Amino acid sequence: MLVSANEMLKKALDGKYAVGQFNINNLEWTKAILITAEECRSPVILGVSEGAGRYMAGYKTVVGMVNGMLESLKTTVPVCLHLDHGGYEGAKSCIEAGFSSVMYDGSHAPIAENIKNTKELVSICKSKGLSLEAEVGSIGGEEDGVIGRGECADPKECGEIAKLGVTMLAAGIGNIHGAYPSDWPGLSFETLEQVKKEVGNMPLVLHGGTGIPEEMIKKAISLGVAKINVNTECQWAFQKATRAYILEGKDLQGKGFDPRKLLAPGFEAIKAVVKEKIELFGSNDKA
Ligand code: 13P
C-alpha cells in the first residue's frame, strides 16, 4: 500500500539520512526502483513529473501500475508516489487519482500566489493524510521544458511557506537539474543553514541529485536535507545500457524484435544507480 512521505521523512531527519526520490517514466523504471528498494530494505519515493504522467497515459494509469506492482512484487518497504514539480491543477488531479504525495511548485509565481495555493493544498492534503512538498527559489536547469536559473531561496520566504504546514520544503541552494556545469560553484551551505533556522524541524528536499559530489550530499544531509531527488542519472544509465545493447547488434539476431530483451540492460543499469544512491543517502536498512 502506498504511504505518504510524512513518517519516512520524519524518521530520516531524526536518523540523519535521506530518502531518495527516483523519477519514473515507464514500467521498467518503476519495477527496477521498487525491487532495489526492497533488496536494500529502504523506504523510497517514486517521483512523477507532469510530463511523465502524460507519457504514461495519465495519473490513474500510474497509480494502477504502481499499486499493482506493490502487490505482485510483495513490496514491504514504505513506498510513496509523489507528483514532482506539479502545478496547482496537476496537484489536484494527482490527489484525485490516488497519489500519496504531491509537490506544488509555486516557485515561479509571486510569493503571495505561492502562499495562497500552498495553503489550499495543505488543507486538502491534511484531510486526506497525504504529504505536500513546496518549493521556494527555483531550481536551475531544465526539467520537462521548465527552465529555472538555480536561485538561492530567500530564507524568510522559506519560513513563511513552512509555517503553512507543508510536509517538506525544497529550497533552492544553487542546485540544478541535469548536468552541473564545470564552473558550478557548488551548493550554498550558507543558504541551507539560514533556511534551516527559519523552518525548524521541517525536512528539506534537495533537487538535482545527479552529479553532486558525495561530500556535499553528506553535508547537506547533516544540515537537514531528508529527501534527495534523482532523475537524470537514471536516464543516462538507461540510455547508455540500451545503446550499448543495440550497438552490439543484439537486438537484430534474426529472431525479431523483443522489447523485453532490449530493455533488460537499462533495467539493470537503473537498479545499480538506485542501489548506489540509497547507500550514499544512508537509507538502506531503515525500512
Ligand atoms: P536530476 O535530474 O538532476 O537528478 O534532478 C532530479 C530532480 O530534482 C527531480 O525533481
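What counts, and at which threshold
Residues numbered from 1 in each chain as written. Predicted model: local features only at pLDDT ≥ 70, side-chain atom pairs only at ≥ 80, totals over all residues. Heavy atoms only, no water. Salt bridge = Lys/Arg side-chain N within 4 Å of Asp/Glu carboxyl O. Helix = DSSP H or I, 4+ residues; strand = E, 2+ residues; numbered from the N terminus. Buried < 20%, exposed > 50% of the residue type's maximum accessible area, 1.4 Å probe, protein only. Pairing = 2+ DSSP bridges. Axes fitted to C-alpha atoms, helices over the stretch in contact; angles between N-to-C directions. Contact = heavy atoms within 4.5 Å. 1 Å grid on protein atoms, 1.4 Å probe; cavity = no way out; pocket = protein on both sides within 12 Å on 5 of 7 lines; lining within 4 Å. Points joined across faces, edges and corners; volume = space filled by probe spheres on them. Right-handed = clockwise from strand over helix to strand, strands pointing away. Core = buried A, V, L, I, M, F, W, Y, C linked by side-chain atoms within 4.5 Å. Near = heavy atom within 4 Å. Polar contact = N/O pair within 3.5 Å; in protein donor to acceptor, adjacent residues only side chain to side chain. Nonpolar A, V, L, I, M, F, W, Y, C, P; charged D, E, K, R; others polar. Phe/Tyr/Trp six-rings, centres within 6.5 Å; stacked < 30°, edge-to-face > 60°. Lys NZ or Arg CZ within 6 Å of the ring centre and 35° of its normal.

**Side note on the pattern of salt bridges**
Okay, step 1: As enumerated under the stated definition, the model contains 8 salt bridges in all.
Okay, step 2: A salt bridge links Glu 133 to Lys 227; the shortest N-O distance between them is 2.7 Å. In this pair, Glu 133 sits in strand β5 (residues 131-136) while Lys 227 sits in strand β10 (residues 225-230), placing the two residues 94 residues apart along the sequence. For the pair Glu 133 and Lys 227, one class covers both residues: buried.

**Some thoughts on the sheet that holds β10**
Okay, step 1: An order of β1-β2-β3-β4-β5-β8-β9-β10 is seen for the 8 strands of this closed barrel, with the pairing classed as parallel. Mean inter-strand twist for the sheet, computed between neighbouring axes without regard to direction, equals 25 degrees.
Okay, step 2: Of the strand pairs in this sheet, strand β1 (residues 19-23) and β10 are connected by 4 bridges, and their pairing is parallel. Paired with Val 19 across the strands is Lys 227, a residue of β10.
Okay, step 3: Across the face of the sheet, helix α1 (residues 6-15) comes into contact with β1, β2 (44-49), β3 (79-86), β5, β8 (168-171) and β10 while running at roughly 115 degrees to β10.
Okay, step 4: Here helix α4 (residues 59-72) sits on the sheet in contact with β2 and β3, set at roughly 160 degrees to β3.

**Notes on empty space enclosed by the protein**
Okay, step 1: Under the defined criterion, the tally for this structure stands at 1 cavity of 30 Å³ or more.
Okay, step 2: Around the largest cavity, the lining residues are Ala 171, Ile 173, Leu 192, Val 195, Leu 204, Val 205, Leu 206 and Val 225.
Okay, step 3: Those elements that provide at least two residues to the lining of the largest cavity are α8 (189-199) and β9 (204-206).
Okay, step 4: In terms of residues, the lining of the largest cavity owes the most to one element, β9, which gives 3 residues.

**A few points about the pairing of β5**
Okay, step 1: Most of β5 sits inside the fold, with 6 of its 6 residues counted as buried.
Okay, step 2: Burial of the side chains of β5 extends over both faces: Ser 131, Glu 133 and Glu 135 are buried on one face and Leu 132, Ala 134 and Val 136 on the other.
Okay, step 3: With respect to chirality, the unit in which strand β4 (residues 101-104) leads through helix α6 (residues 111-128) into the neighbouring parallel β5 is right-handed.
Okay, step 4: Where β5 lies against β8, 4 bridges are found, and the strand directions are parallel. By the bridge assignment for β8, Glu 135 is matched with Ala 170.

**Some words on the nonpolar core**
Okay, step 1: Leu 81, Phe 99, Leu 169, Leu 187 and Leu 206 are the most contacted members of the largest nonpolar core, which totals 82 residues.
Okay, step 2: Here the element with the most residues in this core is helix α11 (residues 259-281); it accounts for 8 residues.
Okay, step 3: Here Phe 99 is in contact with Val 48, Tyr 59, Val 62, Val 63, Leu 81, His 82, Leu 83, Cys 94 and Leu 130, once residues within four sequence places are set aside.
Okay, step 4: If you look at the next biggest cluster of nonpolar residues, it comprises 14 residues, including Ala 5, Ala 12, Val 19 and Cys 80.

**Observations concerning the site of the ligand**
Okay, step 1: Not every one of the 15 residues close to the ligand is listed here, only the nearest: Asp 84, Gly 208, Thr 210, Asn 231 and Thr 232.
Okay, step 2: At 3.0 Å from an oxygen atom of the ligand is found a side-chain nitrogen or oxygen belonging to His 207.
Okay, step 3: The backbone of Asn 231 places a nitrogen or oxygen atom 2.8 Å from an oxygen atom of the ligand.
Okay, step 4: Broken down by secondary-structure element, the contributors of at least two residues to the shell around the ligand are β3 and β10.
Okay, step 5: For the shell around the ligand, the per-class residue count stands at 2 nonpolar, 11 polar and 2 charged.

**As for the environment of Val 122**
Okay, step 1: Structurally, Val 122 can be placed in helix α6.
Okay, step 2: Residue classification places Val 122 among the buried positions, given a relative accessible area of 7%.
Okay, step 3: C-alpha separation for the pair Val 122 and Thr 167, spaced 45 residues apart in sequence, amounts to 8.7 Å.
Okay, step 4: Ignoring sequence-local partners within four residues, the contact set of Val 122 consists of Leu 132, Leu 164, Gly 165 and Val 166.

**Considerations on unusual backbone geometry**
Okay, step 1: Backbone geometry places Lys 16, a non-glycine residue, at a positive phi of 55 degrees.
Okay, step 2: With respect to the element layout, Lys 16 can be found in the loop between α1 and β1.
Okay, step 3: Residue Lys 16 is classed as exposed on the basis of its relative accessible area of 55%.
Okay, step 4: The phi dihedral of Arg 41 is positive, around 55 degrees, even though this residue is not glycine.

**Concerning the packing of aromatic side chains**
Okay, step 1: Within this structure, the stated rule accounts for 4 aromatic pairs.
Okay, step 2: Ring geometry for Tyr 88 against Tyr 104: centres 6.4 Å apart, planes inclined by 80 degrees, an arrangement best described as edge-to-face. Taken together, the positions of Tyr 88 in helix α5 (residues 88-97) and Tyr 104 in strand β4 put the pair 16 residues apart, joining distant regions of the chain. Each member of the pair Tyr 88 and Tyr 104 is classed as buried.
Okay, step 3: Across the ring face of Phe 189, the terminal group of Lys 219 is positioned such that the distance to the ring centre comes to 4.7 Å.

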